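Spelled out from the first residue to the last, the chains are:
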2 protein chains.
Amino acid sequence: MTVEFICVGTEILLGNIVNTNAAYLAEKCAGLGLSCYFQTAVGDNEERLTMVLRTAMERSDIVILSGGLGPTEDDLTKEVAAKVCGKKLVLHEPSKKAIKRYFEEKGIEPTDNNWKQAMLPEDCIVLDNHNGTAPGVIMETKESKVILLPGPPGELCPMFEESVEPYLMGLTSQVICSQTVKICGVGESRVETMMKDLIDAQTNPTIATYAKTGEVHIRVTAAAEDKKAAMKLIKPVVKELKNRFGNDIYSTEQDVTLEKAVVDLLQANDLTVTCVESCTGGLLSARLINVPGVSEIYKSGVITYSNKAKRRFVGVKKTTLQKYGAVSGQTAEEMAKGAALLTKADVSVAVTGIAGPDGGTEEKPVGLVYIACNVKGKVTVKKFRFSGNRSKVRESAVSAALALMRGCILEYFSKVTFGKKNQNR
Amino acid sequence: MTVEFICVGTEILLGNIVNTNAAYLAEKCAGLGLSCYFQTAVGDNEERLTMVLRTAMERSDIVILSGGLGPTEDDLTKEVAAKVCGKKLVLHEPSKKAIKRYFEEKGIEPTDNNWKQAMLPEDCIVLDNHNGTAPGVIMETKESKVILLPGPPGELCPMFEESVEPYLMGLTSQVICSQTVKICGVGESRVETMMKDLIDAQTNPTIATYAKTGEVHIRVTAAAEDKKAAMKLIKPVVKELKNRFGNDIYSTEQDVTLEKAVVDLLQANDLTVTCVESCTGGLLSARLINVPGVSEIYKSGVITYSNKAKRRFVGVKKTTLQKYGAVSGQTAEEMAKGAALLTKADVSVAVTGIAGPDGGTEEKPVGLVYIACNVKGKVTVKKFRFSGNRSKVRESAVSAALALMRGCILEYFSKVTFGKKNQNR
């Protein structure tokens, strides 16, 4: 069964607000096994809303509209939708009472236009609004089901979960489940090449790759009569992906970020961690600290932006800075070792590089970054060359640092010979 | 002139990501005086994308597509758009070279599918991508202009500002100019109340407010026959806004961010700065360090996440932590003073709070944050209560810290009595 969304509101068209309702509805409906092929945003305009709604009803079984149910003149979603569905608006006494009660509780006098919200399409299903005055509406036509929801997320989300979700569950027989395989330290096109045969052969489950900064996510999605059957379809594909990408996969859980995976790995091995950052200037620590419960393993970190700070806080040698420069593998290594001494952390990561836009030279261009990871005295240094503007370079460096930390910790606790992963040194 | 957006990507339809590109493009195009009546999201599907694009080209002068320009199998926006516009794809040598260079710089071997991105529609305008491998494309048909942009915001936004904005400006006979008045430390509703009369009376120039984390931007946009005439319309409105919001305005320049404004203020007053962070864990330093040339004023900073680190690095007293707790005005003040001693910086900012989701109590709930700013020994401490999830709380704290720094520096160098802004202490 197919569903599509029409989000109504000039504020969306002007970019005053980000359309989070569409994402919310999309995720919810995907979870219910509904196929969504289109999302539209349109303004509070009768002609254009009519056009968009007609098109949607022609191509989708279910059309969910959000916004434009307010009491003001320019709120006309309900009026337009009723007209398109060939239904008259009639006074709905319970809604009128509810609106009356709502204002009494707030101790506010309702204005005349508030009663407009109690005028609902004839023989529709009314959805109570416990967080506002606009009731939701479901109209069933032979073409499709048309569902009207209020625009404010604080009203839309609870109404969807209380009333719409149960209604939709009653309509569909199949469920869609998906699992995401998250890879770090490998480029999207390489991932794509390594699994081209799987993508070419995909039917159900389907396989899609999503590039993130320093990561690639592979989503495996299956449709079946129930969750168990869907997961049974997904399992062998995920298993095959694990065979192909091995340790480069940091998680197959929807809610596990790369920083969460690194923090989990540190906690699982009873390791404390610290970061000493130059060009990333705190971004790496900030990402680790965005993981709840990180306090067990992250105690302190330093930002050594100037050469003096590199010497003073983490004891980088003056001669090292003179001979190799602040952006060098040698400096990164000394920073990492010094940070371990300073904080007594088991794992210390150092980042030094040229984020740009200025400061680049022939042999040390903008985007050149050295990252050193020290796991209980075993130091790995990697050289990177990132592209993009200052913030892109810094974000890429942070993701690379997390991937390197992960690799070094896994390596330390495995029997992998140390030299192996160190060749890029 | 009308514009509409088609955002391509299954991840949008599945609700895996919020469609921020649509909001970005909408805000930008509104600023250029283009009318946007429709936004659509569609998946990587030839038939449906063709249908949506044809409809858009029939009803809009300009159609901007984002996403689906990647090297992978399911990226087909360019192929479909070229077909709809009746153009063949031909190898674009400069793009091929650029892609080759991109991988050489990274020291990675490009895979075959990377060259797919160098195949571009015949006689199109090519938009360089300085942050990725997918070039942007402008195709001019007699129906409408079709613009293809990469999906990742880190690539789309710079490409829009560098190439698309100037192109769009060249299309319209009348000039649209806008100026943004950027306010920090004042809530959106208060800003709107303070200028309701201006918004109600707006015609040309138009006035729109945009809420950002910890900031409100007011965009004043005027249409006229030339830039001079447009700016003449804008000037008095901006002047009136300056009268109303005074020092809360940190900039009226498009490209000046709050952190840039703070760094400029520090540099203008020959002040060095440091940050000592607990719950924000490096995010504040990271934002300052995202400003090019910050090395003149930012030398070092510390992240003191544990109580021990607060004592050891910035000398917070054991008794203070015991009596008031780590999240208190007293601890924040001692952190700021200690950071000044440690780094010799003229300005030191300390942030300590409860970012959640756990750790909140009755009297110290999640979202409670204390920020202390020390300007040459004069310390101001402010208490905040932010809402939202962990990262929202941390981002809000960073913005509030920047606003507080700015206020304290202005105060220090003005004749404003010190007690005044200190009442929330």
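Please refer to the structure higher up on the page.
Residues numbered from 1 in each chain as written. Chains lettered and ligands numbered in written order. Predicted model: local features only at pLDDT ≥ 70, side-chain atom pairs only at ≥ 80, totals over all residues. Heavy atoms only, no water.

## With respect to helix 5 (residues 93-106) of chain B
It helps to recall that an α-helix has 3.6 residues per turn; residues three or four apart then point in one direction. Residue and element names in this part refer to chain B. To keep it simple, the criterion reads: A helix here means a DSSP run of H or I that spans at least four residues, while a strand means a run of E at least two residues long, and both kinds are numbered starting from the N terminus. Expected helix span is taken as 1.5 Å per residue step, with the number of steps being one fewer than the number of residues. Exposure classes here rest on a 1.4 Å probe applied to the protein chains alone. A residue is buried below 20% of its type maximum, exposed above 50%, and partly exposed in between. Read the arc as the range of directions from the helix axis to the C-beta atoms. Residues are treated as being in contact if the distance between any of their heavy atoms lies within 4.5 Å.
The end-to-end C-alpha distance of helix 5 is 20 Å, a good match for the 20 Å that 14 residues give at a rise of 1.5 Å each. Buried within helix 5 are the following residues: Ser95, Ile99, Tyr102 and Phe103. Projected down its long axis, helix 5 shows its buried positions confined to an angular sector of 90°, all on one face. For helix 5, the secondary structure elements touched by its buried residues are strand 5 (119-121) and strand 6 (125-127). One or two positions beyond helix 5, positive phi appears at Gly107, with a value near 70°.

## Examining the packing of aromatic side chains
Heads up, the rule is: Side-chain rings of Phe, Tyr and Trp (the six-membered ring for Trp) are treated as a pair once their centres are within 6.5 Å; stacked means planes under 30 degrees apart, edge-to-face means over 60, and tilted covers the remaining angles. Whether a charge sits over a ring depends on NZ of Lys or CZ of Arg being within 6 Å of the ring centre and within 35 degrees of the ring normal.
Taken as a whole and judged by the stated rule, the model has ten aromatic pairs over all chains. When the ring of A:Tyr298 is compared with that of B:Tyr305, the centres are 6.4 Å apart and the planes differ by 85°; the resulting orientation is edge-to-face. Pair noted here: A:Tyr298 is in the loop between helix 11 (283-289) and strand 14 (300-304) and B:Tyr305 is in the loop between strand 14 (300-304) and helix 12 (307-314), and the two residues belong to different chains. Accessibility expressed as a relative area gives 16% for B:Tyr305, which makes it buried. Between the NZ or CZ atom of A:Lys96 and the centre of the ring of A:Trp115, over which it lies, the distance is 5.6 Å.

## Describing the interface of chain A and chain B
Cut-off, in case you're wondering: By convention in these notes, a salt bridge is any Lys or Arg side-chain nitrogen within 4 Å of a carboxyl oxygen on Asp or Glu. Pairs of N or O atoms are called polar contacts if they sit within 3.5 Å, as long as, within protein, a hydrogen donor faces a hydrogen acceptor (for residues adjacent in sequence, only side-chain-to-side-chain pairs). Here the nonpolar group is Ala, Val, Leu, Ile, Met, Phe, Trp, Tyr, Cys and Pro; Asp, Glu, Lys and Arg are the charged ones; every other residue, Gly included, is treated as polar. Only strands that DSSP links by at least two bridges are regarded as paired with each other.
Each partner contributes residues to the interface: chain A has 76 residues there, and chain B has 74 residues. Where chain A touches chain B, the interface holds one salt bridge. Between A:Arg385 and B:Glu105 there is a salt bridge, with the nearest N and O atoms lying 3.7 Å from each other. Our enumeration of links across chain A and chain B arrives at 28 residue pairs in polar contact (both at pLDDT 80 or more). Examining the composition of the side of chain A that touches chain B, we find that seven residues originate from one element, strand 2 (residues 35-42) of chain A, more than from any other. Considering only residue class, the side of chain A that touches chain B consists of 34 nonpolar, 26 polar and 16 charged. With five bridges connecting them, strand 2 of chain A and strand 2 (residues 35-42) of chain B associate as antiparallel partners. Residue A:Ala41 lies in a different strand from strand 2 of chain B, and its bridge partner there is B:Gln39.

## Let's talk about the sheet that holds strand 2 of chain A
The condition is simple: Helix axes use the C-alpha atoms of the stretch in contact, all axes being lines fitted to C-alpha atoms, and the angles between their N-to-C directions lie in the range 0 to 180 degrees.
Here twelve strands make up an open sheet; going across it, the order is 6(A)-7(A)-8(A)-3(A)-1(A)-2(A)-2(B)-1(B)-3(B)-8(B)-7(B)-6(B) and the pairing mixed. Only two strands of the sheet have a single partner each, and these edge strands are strand 6 (125-127) of chain A together with strand 6 of chain B. In this sheet, neighbouring strand axes are inclined to one another by 15° on average, regardless of whether the strands run parallel or antiparallel. Alignment of strand 7 (residues 136-140) of chain B against strand 8 (residues 145-149) of chain B, held across four bridges, turns out to be antiparallel.

## Section: the packing of helix 10 (residues 258-268) of chain B against helix 15 (residues 390-413) of chain B
Residue and element names in this part refer to chain B. As a reminder, the rule being used: Each angle receives one of four descriptions, namely roughly parallel if under 35 degrees, roughly antiparallel if over 145, roughly perpendicular if within 65 to 115, and oblique otherwise. Crossing handedness is read from the near helix: turned anticlockwise from the far helix by less than a right angle, it gives a left-handed crossing, and turned clockwise, a right-handed one.
Here helix 10 crosses helix 15 at 30°, and the two axes come no closer than 10 Å. In terms of orientation, helix 10 and helix 15 fall into the roughly parallel class. The chirality of how helix 10 crosses helix 15 is left-handed. Each of Leu258, Glu259, Val262, Leu265 and Leu266 in helix 10 lies in contact with helix 15, whose residues at this interface are Ser399, Leu402, Ala403, Met405, Arg406, Ile409 and Leu410. Looking at side-chain class alone, the contact of helix 10 with helix 15 contains nine nonpolar, one polar and two charged residues.

## A closer look at the pairing of strand 3 (residues 62-66) of chain A
Residues and elements named next belong to chain A. For strand 3, a buried count of five out of five residues is recorded, marking the element as mostly surrounded by other parts of the structure. Sheet topology note: the strand 1 (residues 2-8)/strand 3 ladder contains five bridges and is parallel. Each residue of the ladder has a partner; that of Phe5, found in strand 3, is Ile64. With five bridges joining them, strand 3 and strand 8 (residues 145-149) adopt parallel strand pairing.

## Observations concerning the pattern of salt bridges
All names here are of chain A. Inspection of the entire model under this criterion finds 35 salt bridges over all chains. Measuring nitrogen to oxygen at the nearest pair gives 3.0 Å for the salt bridge that ties Lys100 to Glu104. Taken together, the residues span about one helical turn, with Lys100 and Glu104 both in helix 5 (residues 93-106) at a distance of four residues. Residue Lys260 is joined to Asp264 by a salt bridge in which the shortest nitrogen-to-oxygen separation is 2.9 Å.

## Here we look at the packing of helix 2 (residues 20-31) of chain A against helix 6 (residues 153-169) of chain A
Residue and element names in this part refer to chain A. One can describe the packing of helix 2 onto helix 6 by two numbers: an axis separation of 11 Å at closest approach and a directional angle of 20°. Taken as axis vectors, helix 2 and helix 6 run roughly parallel relative to one another. Helix 2 and helix 6 meet at a crossing whose hand is right-handed. Contacts between helix 2 and helix 6 pair Thr20, Asn21, Tyr24, Leu25, Lys28 and Cys29 from the former with Pro153, Leu156, Cys157, Phe160, Glu161, Glu165 and Leu168 from the latter. Looking at side-chain class alone, the contact of helix 2 with helix 6 contains eight nonpolar, two polar and three charged residues.

## Focus on the environment of A:Val366
All names here are of chain A. Tracing the sequence through the fold places Val366 in the loop between strand 15 (347-353) and strand 16 (368-375). Note: C-alpha distance between Val366 and Ala332 (34 residues apart in sequence) is 17 Å. When neighbours within four sequence positions are excluded, Val366 is seen to be in contact with Ile354, Ala355, Gly356, Pro357, Asp358, Gly360, Arg385 and Phe386.

## Some points on the side chain of B:Gln179
Residue and element names in this part refer to chain B. Along the polypeptide, Gln179 turns up in strand 9 (residues 175-184). At 3.4 Å, the side chain of Gln179 and the backbone oxygen of Thr252 are in polar contact. Excluding residues that lie within four positions of it along the chain, Gln179 makes contacts with Ile218, Arg219, Val220, Met231, Ile234, Val238 and Thr252.

## Focus: unusual backbone geometry
Omega for the peptide link from B:Asn204 to B:Pro205 comes to 10°, which places this bond in the cis form. On the secondary structure map, B:Pro205 appears in the loop between helix 8 (196-200) and strand 10 (206-212). In this model, B:Gly356 is joined to B:Pro357 through a cis peptide bond whose omega is 0°. Note that B:Pro357 resides in the loop between strand 15 (347-353) and strand 16 (368-375). Even without a glycine there, the phi angle at A:Asp123 is positive, about 35°. With respect to the helices and strands, the residue A:Asp123 is situated in the loop between strand 5 (119-121) and strand 6. Despite not being glycine, A:Lys344 has its phi angle at roughly 65°, a positive value. Residue class for A:Lys344 comes out exposed when judged on its relative accessible area of 61%.

## Remarks on the pairing of strand 15 of chain A
Side-chain direction in a regular strand flips from residue to residue, so the side chains alternate between the two faces of the sheet. All names here are of chain A. The buried count for strand 15 comes to seven of seven residues, which makes it a mostly enclosed element. Pairing of strand 13 (residues 273-277) with strand 15 involves five bridges; the strand directions are parallel. Of the residues in strand 15, the one forming a bridge with Glu277 is Val351.

## Describing the sheet that holds strand 13 of chain A
Where strands meet in a sheet, backbone hydrogen bonds hold them as pairs that are either parallel or antiparallel. Read from one edge to the other, the open sheet built from ten strands follows the order 17(A)-16(A)-15(A)-13(A)-14(A)-14(B)-13(B)-15(B)-16(B)-17(B), with strand pairing classed as mixed. Edge positions in the sheet fall to strand 17 (378-385) of chain A together with strand 17 (378-385) of chain B, since each of these pairs with one other strand and no more. If you compare each strand with its neighbour and ignore which way they point, the axes differ by 15° on average. Bridge analysis of strand 13 of chain A against strand 14 of chain A gives two bridges, and the strand direction is parallel. In the strand pairing of strand 14 of chain A, A:Glu277 is matched with A:Ile303. Lying on the sheet, helix 12 (residues 307-314) of chain A is in contact with strand 13, strand 14 and strand 15 of chain A together with strand 14 of chain B; it crosses strand 14 of chain A at an angle near 150°.

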